[in-house]
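Notes for the structure review
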Amino acid sequence: MSKKVYIETEDCIGCENCVELCPEVFGFDAQENVAFVIMEEGGSEECIDEAIEDCPVQCILWKDE
Ligand code: SF4
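Residues numbered from 1 in each chain as written. Predicted model: local features only at pLDDT ≥ 70, side-chain atom pairs only at ≥ 80, totals over all residues. Heavy atoms only, no water.

Helix and strand counts for the chain stand at 2 helices and 4 strands. Reading the secondary structure of the chain in the N-to-C direction produces β-α-β-β-α-β. Compactness check: the chain gives a C-alpha radius of gyration of 11 Å against a globular reference of 11 Å for 65 residues, within 12% of the reference. Here the C-alpha coordinates of the chain stretch approximately 35 × 20 × 20 Å along the principal axes. Taken over 65 residues, the chain has a buried fraction of 32%. A fraction of 58% describes how many contacts in the chain between residues 6 or more apart in sequence connect residues 24 or more apart. Counting only carbon and sulfur atoms, one obtains 43% of the accessible surface of the chain, whose full area is about 4,100 Å². (Helix = DSSP H or I, 4+ residues; strand = E, 2+ residues; numbered from the N terminus. Rg over C-alpha atoms; globule rule 2.2 N^0.38 Å. Buried < 20%, exposed > 50% of the residue type's maximum accessible area, 1.4 Å probe, protein only. Contact = heavy atoms within 4.5 Å. Areas by Shrake-Rupley, 256 points an atom, 1.4 Å probe, with all protein chains shown as cover.)

Right under this line is the structure:
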């Protein structure tokens, strides 16, 4: 079972916190004003956990596959 990170983009407010914290994992869609996941797995788990904690609307989540 592997863990994958995803963003519930309908809740994202485009603050870019996650992009600043983990630019290798999260990208930013300036047109839609939402963050997106570049790398679902393989990024630093610690960094992703920090981004999850820092997201003001808690729309970054781990899912188990
Ligand atoms: S931290 Fe949360 S609200 Fe901010 S850009 Fe990332 S996913 Fe969106």
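Having seen the model, we can carry on.
Now for the state of the cysteines. Overall, the coordinates contain 1 disulfide when judged by the stated rule. The residue that forms a disulfide with Cys22 is Cys47, at a sulfur-sulfur distance of 2.2 Å. Residues Cys22 and Cys47 share a disulfide whose torsion about the S-S bond is about -120°; that sign makes it left-handed. Of the two residues, Cys22 sits in the loop between helix 1 (17-21) and strand 2 (26-29) while Cys47 sits in helix 2 (residues 45-54), which places them 25 residues apart along the sequence. Taken individually, Cys22 and Cys47 each receive the classification buried, so the pair is uniform in this respect. (Disulfide = S-S within 2.5 Å.)

Counting 17 residues, the largest nonpolar core has Ile7, Cys18, Phe26 and Ile60 as the members making the most contacts within it. Elements with a contribution of two residues or more to this core: strand 1 (3-7), helix 1, strand 3 (34-37) and helix 2. For this core, the element with the highest residue contribution is helix 2, accounting for 4 residues. Those residues in contact with Phe26 that lie beyond four places of it in its chain are Val5, Ile7, Cys18, Val19, Phe36, Val37, Ile38, Ile48, Ala51 and Ile60. (Core = buried A, V, L, I, M, F, W, Y, C linked by side-chain atoms within 4.5 Å.)

Looking now at the site of the ligand. Neighbouring residues of the ligand: Ile7, Cys12, Ile13, Cys15, Glu16, Asn17, Cys18, Ala35, Cys55, Val57, Cys59 and Ile60. Its residues placed into classes, the shell around the ligand shows 10 nonpolar, 1 polar and 1 charged. (Near = heavy atom within 4 Å. Nonpolar A, V, L, I, M, F, W, Y, C, P; charged D, E, K, R; others polar.)

Time to look at the packing of aromatic side chains. Considering all chains together, one arrives at 0 aromatic pairs under this definition. The ring of Trp62 is capped by Lys3, whose NZ or CZ atom sits 4.6 Å from the centre of that ring. A cation over a ring is seen here: Lys63 above Tyr6, with NZ or CZ 4.9 Å from the ring centre. (Phe/Tyr/Trp six-rings, centres within 6.5 Å; stacked < 30°, edge-to-face > 60°. Lys NZ or Arg CZ within 6 Å of the ring centre and 35° of its normal.)

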